[in-house]
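# Observations on the model geometry
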Amino acid sequence: MRVLIVEDEPNLRQQLQSTLEGAGYAVDAAADGEEGHFLGSTESYDAIVLDLGLPEIDGLTVLDRWRKEGKTMPVLVLTARDSWSDKVAGLDAGADDYVAKPFQTEELIARLRALIRRASGNASAELTAGDIRLDTRSGKVTKGGEPVKLTAQEYKLLSYLLHHKGKVVSRTELIEHIYDQDFDRDSNTIEVFVTRIRKKLGADTITTIRGLGYSLDEEGEAAAQ
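My aim in this report is to walk through the structure given alongside it, one point at a time. (Residues numbered from 1 in each chain as written. Predicted model: local features only at pLDDT ≥ 70, side-chain atom pairs only at ≥ 80, totals over all residues. Heavy atoms only, no water.)

Here the focus is the packing of helix H1 (residues 10-22) against helix H5 (residues 105-119). It is the contact of H1 with H5, at a shortest axis distance of 11 Å, that shows an interaxial angle of 60 degrees. Here H1 is positioned oblique relative to H5, judged by the angle of their axes. Judged by the twist between their axes, the crossing of H1 over H5 is right-handed. Only Thr105, Leu108, Ile109 and Leu112 of H5 make contact with H1, whose side of the interface consists of Gln15, Leu16, Thr19 and Leu20. Residue composition of the contact of H1 with H5, by class: 5 nonpolar, 3 polar and no charged. (Axes fitted to C-alpha atoms, helices over the stretch in contact; angles between N-to-C directions. Helix = DSSP H or I, 4+ residues; strand = E, 2+ residues; numbered from the N terminus. Parallel < 35°, antiparallel > 145°, perpendicular 65-115°, else oblique. Left-handed = near helix turned anticlockwise from the far one by under 90°. Contact = heavy atoms within 4.5 Å. Nonpolar A, V, L, I, M, F, W, Y, C, P; charged D, E, K, R; others polar.)

Turning next to helix H6 (residues 152-163). One full turn of an α-helix is made of 3.6 residues, so residues set three or four places apart face in the same direction. For H6, spanning 12 residues, the distance from its first C-alpha to its last is 16 Å, which sits close to the expected 16 Å at 1.5 Å a residue. Considered for burial, the residues of H6 that qualify are Gln153, Glu154, Tyr155, Lys156, Leu157, Leu158, Ser159, Tyr160, Leu161, Leu162 and His163. (Expected span 1.5 Å × (residues − 1). Buried < 20%, exposed > 50% of the residue type's maximum accessible area, 1.4 Å probe, protein only.)

On the secondary structure map, Asp32 appears in the loop between strand S2 (26-30) and helix H2 (33-42). Although Asp32 is buried, it forms no salt bridge, and the closest oppositely charged side chain is Arg13 at an N-O distance of 8.3 Å. Of the polar contacts made by the side chain of Asp32, one reaches the backbone nitrogen of Glu35; its length is 2.8 Å. Excluding anything up to four places from it in sequence, Asp32 contacts Val6, Leu54, Pro55 and Glu56. (Lys, Arg positive; Asp, Glu negative; His and termini not counted. Salt bridge = Lys/Arg side-chain N within 4 Å of Asp/Glu carboxyl O. Polar contact = N/O pair within 3.5 Å; in protein donor to acceptor, adjacent residues only side chain to side chain.)

Let's shift gears to the packing of H2 against helix H3 (residues 59-68). Put simply, H2 and H3 touch, their axes get as near as 10 Å, and they point 20 degrees apart. For the element pair H2 / H3, the angle class is roughly parallel. For the crossing formed where H2 meets H3, the hand is right-handed. Along its contact with H2, which presents Gly33, Gly36, His37, Gly40 and Ser41, the element H3 presents Val62, Arg65 and Trp66. Across the contact of H2 with H3, the residue classes tally to 2 nonpolar, 5 polar and 1 charged.

Next up, the structure:
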């Protein structure tokens, strides 16, 4: 899953980026409202962490512009302002949740996980398909109750397909959501990761839909076409 952080305080921005990357997210970061608005408008994100007190363009204006542009990605607002009116203003502008500074990074990550799950129609922190289970809290994957070790990119790809279970996901969409902006996006690597996942979880785990992309069905028992 791919996340954008828009935060002007360098240490906090770097801390959040490092923590989210460690939790398995592809992360882009912006230091001001202008850059943040541009990235949010032109790139695909599963969620955005947006500070309200930004230089160039303030966070509320950035958020309002995204929503007017039809951008529907979940946005979690960060604010050092402790008044209820700022929180209400953020929610009214289109924010999906907020965290007041100072905060625990564990809480922010938990709220992000919840926003991403709800946006894809998943209520539980555990994503399943047949006997395959992915715990978004611990990052652990099991098949038939047995732990399965995945690389970071394999985990990201499986997580995205599980979040969109039963849907056909194009190779382009996968590239946009499992790699950050600076990664060398080679579409051929997607097939490599799919092949590795099939070897670890079963050849029928992921279906290739010729000319369209990939699908992980409700039962996790689809055969490659």
